[in-house]
Amino acid sequence: MKVTKAQVQENRQRIVETASVLFRERGYDGVGVAELMAAAGFTHGGFYKHFGSKADLMAEAAACSFAQSAVKTADIDIADFVQLYLSRQHRDAPGDGCTMAALCADTARQPESLKAAFLTGIENQLATMAHKDAALSESAQREARADRIATLAQVVGAIALSRACPDDSALADEILQVCRSRLLG
């Protein structure tokens, strides 16, 4: 039976979305192509009909997860962003959370195509956070961008440090609380 172009696109999107979650949960090296395809409901053999390599899929999955994060944070202010980001709920659900906190360290050791997807994703997140900066002067916009970069670096680092601790440790929660307090204080 012939598959329509629309069905091919739907199948590809399902693979990308599945990969996006699995990569955030287990890292790029923690998921093989066969397992990923099975999780998406397909056979291993179909992978190369959609992607030239696992690295190609990694870049698309990163772009997908960045787009999902942008939608979640599109209309919230920085204080609400910090509260949402530095929550236990976000920390405890990496598959549904921010790809930066889950995969930045892995991405640093990956091909340039994936790093380029992260560059675009980070720039888009910074732009999403800047939705109220248009009325500022040019120098104030530069300062606001520097503040957004610092905030983004701190929240991503806080989630990464918190996730590196045992879930039931006091330090895991303390990291989130201290960073939330410092950023919002």
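Quick look at the structure, then.

What counts and what doesn't
Residues numbered from 1 in each chain as written. Predicted model: local features only at pLDDT ≥ 70, side-chain atom pairs only at ≥ 80, totals over all residues. Heavy atoms only, no water. Core = buried A, V, L, I, M, F, W, Y, C linked by side-chain atoms within 4.5 Å. Buried < 20%, exposed > 50% of the residue type's maximum accessible area, 1.4 Å probe, protein only. Helix = DSSP H or I, 4+ residues; strand = E, 2+ residues; numbered from the N terminus. Contact = heavy atoms within 4.5 Å. 1 Å grid on protein atoms, 1.4 Å probe; cavity = no way out; pocket = protein on both sides within 12 Å on 5 of 7 lines; lining within 4 Å. Points joined across faces, edges and corners; volume = space filled by probe spheres on them. Nonpolar A, V, L, I, M, F, W, Y, C, P; charged D, E, K, R; others polar. Salt bridge = Lys/Arg side-chain N within 4 Å of Asp/Glu carboxyl O. Phe/Tyr/Trp six-rings, centres within 6.5 Å; stacked < 30°, edge-to-face > 60°. Arc of directions from axis to C-beta.

In terms of nonpolar packing, the biggest core is built from 43 residues, with Phe 23, Leu 57, Tyr 85 and Leu 86 touching the most fellow members. The set of elements that each furnish at least two residues to this core consists of helix 1 (5–26), helix 2 (33–40), helix 4 (54–73), helix 5 (78–85), helix 7 (99–107), helix 8 (112–129), helix 9 (138–164) and helix 10 (170–184). If you tally residues by element for this core, the top one is helix 4, at 7 residues. Apart from the residues lying within four places of it in its own chain, the contact partners of Leu 57 are Ile 15, Val 16, Ala 19, Phe 23, Leu 36, Phe 47 and Phe 51.

Take a probe with the size of a water molecule and roll it over the atoms, and the empty space left behind shows itself. When its volume is computed, the largest pocket comes out at roughly 290 Å³. Surrounding the largest pocket, 14 residues form its lining, Lys 72, Leu 84, His 90, Asp 96 and Gly 97 being those nearest its centre. Every element with two or more residues in the lining of the largest pocket is listed here: helix 4, helix 5 and helix 6 (88–91). Grouping the constituent residues of the lining of the largest pocket by class yields 5 nonpolar, 7 polar and 2 charged.

Scanning the entire structure with this criterion turns up 10 salt bridges. Between Arg 142 and Glu 138 there is a salt bridge, with its nearest N and O atoms 3.2 Å apart. A residue pair is termed a helical-turn pair when its members lie 3 or 4 positions apart in one helix, as Arg 142 and Glu 138 do in helix 9 at 4 residues. With respect to burial, Arg 142 and Glu 138 carry one shared label: exposed. Residues participating in the shared-partner salt-bridge network are Arg 88, Arg 91, Asp 92 and Asp 173.

Two aromatic rings, taken as a pair, are described by how far apart their centres are and by the angle between their planes. Using the criterion set out here, one finds 5 aromatic pairs in the structure. Measuring from centroid to centroid gives 4.8 Å for Phe 47 and Tyr 48, while their planes differ by 85°, and the two rings are edge-to-face. Note on Phe 47: relative accessible area 1%, which makes it buried. A centroid spacing of 5.1 Å and a plane angle of 85° characterise the contact between Phe 66 and Phe 118, whose relative ring orientation is edge-to-face. Here Phe 66 is found in helix 4, whereas its partner Phe 118 is found in helix 8, with 52 residues between them in sequence. An aromatic cluster is present here, built from Phe 47, Tyr 48 and Phe 51 joined pairwise through their rings.

In this structure, Gly 41 sits in the loop between helix 2 and helix 3 (47–50). Sequence-wise, Gly 41 and Arg 145 are 104 residues apart; in three dimensions their C-alpha atoms are separated by 42 Å.

Our next topic: helix 2. Where helix 2 is concerned, the buried positions are Val 33, Leu 36, Met 37 and Ala 40. Projection of helix 2 onto a plane perpendicular to its axis shows the buried side chains occupying an angular sector of 95°, all on one side. Structurally, helix 2 contributes buried residues whose contacts are with helix 1, helix 3 and helix 4. Of the residues flanking the end of helix 2, it is Gly 41, one or two places downstream, whose phi is positive at about 95°.

Throughout the structure, instances matching the rule amount to 1 cavity of 30 Å³ or more. Counted as a void, the largest cavity has a volume near 30 Å³. Counting only elements with at least two residues in the lining of the largest cavity, the list comes to helix 5 and helix 8. The residue makeup of the lining of the largest cavity, split by class, is 4 nonpolar, 3 polar and 1 charged.

Remember, this is a structural readout, not a statement about activity or role.
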